[in-house]
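Commentary on secondary and tertiary structure
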There are 2 protein chains.
Amino acid sequence: MNHDSAQPGASDALTYRAAGVDYDLIDPLKLSAQRAAAATAVNLAPHGFAEVAASRGESAYVVDVGPFYLASIVECLGSKALVADEMARLTGTSAYAAIAQDTIAMAVNDLITVGATPLVVQAYWAAGGSDWFKDADRAAALVAGWKRACDACGVAWGGGETPALAGIVADGRIDLAASCTGIVSPKSRLSTGDRLAPGDAIVLLAASGIHANGLSLARKIAERLPDGYATPIDDAGTTLGAALLAPTPLYSPVTEALHRAAVDLHYCANITGHGWRKLLRHPSALTYRITHVPPVPPVLRYIQQAAGQSDREAYGTFNMGAGFALFVAGDQAERCVDVARAAGTEAWVAGRVEAGPKQLIVEPLGIEFGADDLQLR
Amino acid sequence: MNHDSAQPGASDALTYRAAGVDYDLIDPLKLSAQRAAAATAVNLAPHGFAEVAASRGESAYVVDVGPFYLASIVECLGSKALVADEMARLTGTSAYAAIAQDTIAMAVNDLITVGATPLVVQAYWAAGGSDWFKDADRAAALVAGWKRACDACGVAWGGGETPALAGIVADGRIDLAASCTGIVSPKSRLSTGDRLAPGDAIVLLAASGIHANGLSLARKIAERLPDGYATPIDDAGTTLGAALLAPTPLYSPVTEALHRAAVDLHYCANITGHGWRKLLRHPSALTYRITHVPPVPPVLRYIQQAAGQSDREAYGTFNMGAGFALFVAGDQAERCVDVARAAGTEAWVAGRVEAGPKQLIVEPLGIEFGADDLQLR
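Just so we're clear, the structure is a prediction, and the values are computed from it rather than from any experiment.

So, the relation of the copies chain B and chain A
Note on the copies: chain B fits chain A at an RMSD of 0.0 Å, the axial shift is 0.0 Å, and the rotation between them is 180 degrees. One copy is carried onto the other by what is essentially a two-fold rotation axis. In this assembly, 100% of the residues forming the interface of chain B have copies in chain A that are likewise at the interface, indicating an isologous arrangement.

Rendered as structure tokens:
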């Protein structure tokens, strides 16, 4: 189970619980599901295969099928579709092409963390009744955005499901999810973290905005504003709603380019729920020292201020400008940045891995997170 | 897109449209999605791979990755969870272990049609808010049933998503889906139908009941009954609700046993939506002549009568006792049946493939379906 479960630090500010997501209720199920899932690994032996045990608890599940590793994942968009629906009501324009990209990004950006090349995406579009499909412009935007994202990632769109689930999915809504299958080939590309070590550099890839995590909180903030999503958040008049709907970058062109350039990824972390606490994802006891902090997207700074969050709360909740983390040998850090930029994604050498207790130190902001701040396994 | 889209023949009886599913609204989206998806196949070439074009329009998507084929799928349970919820209210007992198996069966039984061995299942459990997870018995049943089905199919449960999607999934409901990844190995197991030919036998595998297709119609019928799901449908007092919740069989143990026994599958059809019209799934112009009809599960006979359906309508909508069709060389038909029975699934040699126009002739019932009765591609 890869879904986000931990909480940012205690706070009087607007929290996830106040925004309607109570992880304490979900966690017992997640834990029992994780245990049951782990116990099924033995089922692969009669086929002559075995799981990569280190992938349990990582963002994608990996099986050794002989000539290469097989990686798979299912991910959902979450509540960002509600923002798209509300903005369509306010502006008359569908953002479904953008949220199609978000949905694929949720799956693809997780799959690539283990070193996989994504190959096939399946679409899961569950509507709250047949009427959802009546809006031809919205449906066309969804299809066009989905295809464009597949093309950008070099994956084949294999097919999918488009059920009309009246009574299960809410009336007028759609539940968007994607499954993705890929391979790790050559097997040396596996980046589940056995090579992660002191001296490694931390390279951060730029985020475009909130991506698809933290939207429940953002929606609560919009509800409190007199002008809601139409509230301008910068001098250019960009609205909160438009800024929230900036699509999540697809990072697989970067990881594929890094492979071609022989930049060896020791580990990767997709910065989604829990924000920068995801930098603590690997189970090893290591210290992660950040010495350079990327620029914060205006929409995230706006939300931080509106929610009254401290930096520690904001960086423990949102990506704050860093959408994906690459851990590479120190002497490959500059090359890694150059390759990412050449692939069209801004990147920075942001810090380093050190021997020491499990903690994340963000020096420029004077904040720290410890081992107890992220419990995903 | 593999979702069911065609309609049974015109009828004054209770139809799918009356039951709230309007395929005319879904189909334009599905067609444009299919076209867009097909255009992404070229994305595999830079990786050195290619799709198996014949798998477009089949139940699972297949890619040639060199040493073997990779197959993948995402499938949802549909509205059967609503029946489980209502029966839990009436009886105090959760049927979530059973519908967990249904969900996995929807994915696994589709994946095996192309000759694949299922290896990994991912869970997608999207609840209508955190409160869904408060019912610990229900959650435990879901986990236990999911694991048991994975064990029965010999697949590893890789992980999944358990989002709380208040505002998207209806309050108190859950949207259950599964993705499945497998391989076709050796590649000669590929059963997308190039060997399907006159002289082949049609072997049908027994259904357990309604499975997970046709539930919208069944729910409408229950609503019309004074005692609803508590209505007994046989002399033993089995209720309609209990009978509807019989879990879908998992057919992958049969197809794996057939491979070990060197029974060569020319083609397979998972009999889901559209009922027996799915026997017309392969694009070839061939005549399928059924000479033996399996016994009809009591719950399906009950629904047929309650809905006032003719045999043609019932067999064009429900599985009517045949959950899966195997197409094998005529001289392997008896062996195929023996192996299926030894694997624990009742089976029958039900008919044969003949040269002739595309049609299905069910001789014992005097009904026929033509090429126009199933449009999936």
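There's more to say after this.
A few points about unusual backbone geometry
Residue and element names in this part refer to chain A. Of the consecutive residues S185 and P186, the connecting peptide bond is found in the cis state with omega at 0 degrees. Inspection of the secondary structure assignment puts P186 in the loop between strand 6 (174-184) and strand 7 (201-206). With a phi angle near 60 degrees, A262 is a residue other than glycine that sits in the positive phi range. For A262, the position within the fold is in the loop between helix 7 (252-260) and strand 8 (265-270).

Digging into the packing of helix 2 (residues 80-91) of chain A against helix 3 (residues 96-111) of chain A
Residues and elements named next belong to chain A. Running from N to C, helix 2 and helix 3 cross one another at 175 degrees; their axes reach a closest spacing of 10 Å. Judged by the angle between their axes, helix 2 and helix 3 are roughly antiparallel. For the pair helix 2 and helix 3, contact is made by K80, A81, A84 and D85 and by Y96, I99 and D102, respectively. For the contact of helix 2 with helix 3, the class distribution of residues is four nonpolar, no polar and three charged.

Things to note about the sheet that holds strand 11 (residues 347-354) of chain A
Pairing between the strands of a sheet comes from backbone hydrogen bonds, and it takes one of two forms, parallel or antiparallel. Residue and element names in this part refer to chain A. Across the sheet, which stays open at both edges, the seven strands sit in the order 8-10-7-11-9-12-13 with mixed pairing between neighbours. Strand pairing shows two members of the sheet lacking a second neighbour, strand 8 and strand 13 (367-370), which therefore form its edges. Strand-to-strand twist of the sheet, defined as the mean angle between neighbouring strand axes without regard to direction, takes the value 20 degrees. Here four bridges tie strand 9 (residues 287-290) to strand 11, and the two strands are oriented antiparallel to one another. Within the sheet, the bridge partner assigned to Y288 lies in strand 11 and is V353. Sitting on the sheet, helix 7 touches strand 7, strand 8 and strand 10 (322-328), and the angle it makes with strand 10 is about 20 degrees. Contacting strand 7, strand 10 and strand 11, helix 10 (residues 333-342) crosses the sheet at an angle of about 150 degrees to strand 11.

As for the side chain of T248 of chain A
Residues and elements named next belong to chain A. Topologically, T248 is positioned in the loop between helix 6 (240-244) and helix 7. Looking at T248, the relative accessible area reads 4%, which means it is buried. Within the local environment of T248, its side chain forms a polar contact with the side chain of D102, the two groups lying 2.4 Å apart. In contact with T248, not counting residues within four places along its chain, are Q101, D102, A105, N109, S208, H211 and A212.

Description of the domain arrangement of chain A
Residue and element names in this part refer to chain A. As assigned here, chain A comprises domain 1 (40-188) and domain 2 (201-373). Of note, the centres of domain 1 and domain 2, computed from C-alpha atoms alone, are 21 Å apart. Together domain 1 and domain 2 conceal approximately 2,500 Å² of surface at their shared face, both sides included; 61% is due to carbon and sulfur atoms. There are zero salt bridges connecting domain 1 and domain 2.

What about helix 3 of chain A?
In an α-helix, one full turn covers 3.6 residues, which means residues spaced three or four apart are oriented alike. Residue and element names in this part refer to chain A. Taking 1.5 Å of rise per residue, 16 residues should cover 22 Å, and helix 3 covers 23 Å from first to last C-alpha, within 8% of that figure. Its axis deflected by about 30 degrees at A105, helix 3 carries its strongest bend there. Helix 3 sits mainly inside the fold: 15 of its 16 residues count as buried.

Focus: the UniProt feature "domain: PurM-like N-terminal" (unreviewed entry) in chain A
Here the UniProt feature "domain: PurM-like N-terminal" (unreviewed entry) sits at residues 57-184 of chain A. What you have in residues 57-184 of chain A is 36% helix and 31% strand, and the ends, taken at the C-alpha atoms, are 18 Å apart.

Thoughts on helix 4 (residues 136-153) of chain A
Residue and element names in this part refer to chain A. End to end, helix 4 covers 26 Å across 18 residues, agreeing with the expected 26 Å (1.5 Å per residue, within 8%). Burial in helix 4 covers these residues: R138, A139, A141, L142, V143, G145, W146, A149, C150 and C153. For helix 4, the N-terminal capping position is held by D135, with its side-chain oxygen 3.3 Å away from the main-chain nitrogen of D137. Phi turns positive, to about 65 degrees, at G154, one or two residues after helix 4.

A closer look at the sheet that holds strand 4 (residues 117-127) of chain A
All names here are of chain A. Overall, mixed pairing links the six strands, which are arranged 1-2-3-6-4-5 in an open sheet. A strand with exactly one partner marks an edge of an open sheet, and here the two such strands are strand 1 (50-51) and strand 5 (156-161). Here helix 3 sits on the sheet in contact with strand 3 (69-76), strand 4 and strand 6, set at roughly 35 degrees to strand 6.

Some remarks on the pairing of strand 8 (residues 265-270) of chain B
All names here are of chain B. Most of strand 8 sits inside the fold, with six of its six residues counted as buried. Summarising the sheet, strand 8 and strand 10 (residues 322-328) pair through five bridges and their orientation is antiparallel. Counterpart to L265 in the pairing with strand 10 is V328.

As for the interface of chain B and chain A
Every contact between the two is made by 79 residues of chain B and, on the other side, 79 residues of chain A. For the pair chain B and chain A, the summed buried surface comes to about 6,600 Å²; carbon and sulfur atoms form 68% of the total. Here chain B is connected to chain A by zero salt bridges. Mapped by element, the contributors of at least two residues to the side of chain B that touches chain A are helix 1 (23-38), strand 2 (61-64), strand 3 (69-76), helix 2 (80-91), strand 4 (117-127), helix 4 (136-153), strand 5 (156-161) and strand 6 (174-184) of chain B.

The rules behind the values
- Residues numbered from 1 in each chain as written.
- Chains lettered and ligands numbered in written order.
- Predicted model: local features only at pLDDT ≥ 70, side-chain atom pairs only at ≥ 80, totals over all residues.
- Heavy atoms only, no water.
- Least-squares fit on C-alpha atoms with pLDDT ≥ 70 in both.
- Contact = heavy atoms within 4.5 Å.
- Helix = DSSP H or I, 4+ residues; strand = E, 2+ residues; numbered from the N terminus.
- Axes fitted to C-alpha atoms, helices over the stretch in contact; angles between N-to-C directions.
- Parallel < 35°, antiparallel > 145°, perpendicular 65-115°, else oblique.
- Nonpolar A, V, L, I, M, F, W, Y, C, P; charged D, E, K, R; others polar.
- Pairing = 2+ DSSP bridges.
- Buried < 20%, exposed > 50% of the residue type's maximum accessible area, 1.4 Å probe, protein only.
- Polar contact = N/O pair within 3.5 Å; in protein donor to acceptor, adjacent residues only side chain to side chain.
- Domains from an automatic or database assignment.
- Buried area = accessible area lost by both parts, 1.4 Å probe.
- Salt bridge = Lys/Arg side-chain N within 4 Å of Asp/Glu carboxyl O.
- Expected span 1.5 Å × (residues − 1).
- Bend = angle between axes of the 7 residues up to and from the residue.
- UniProt positions renumbered as here; feature names shortened; annotations may be inferred.

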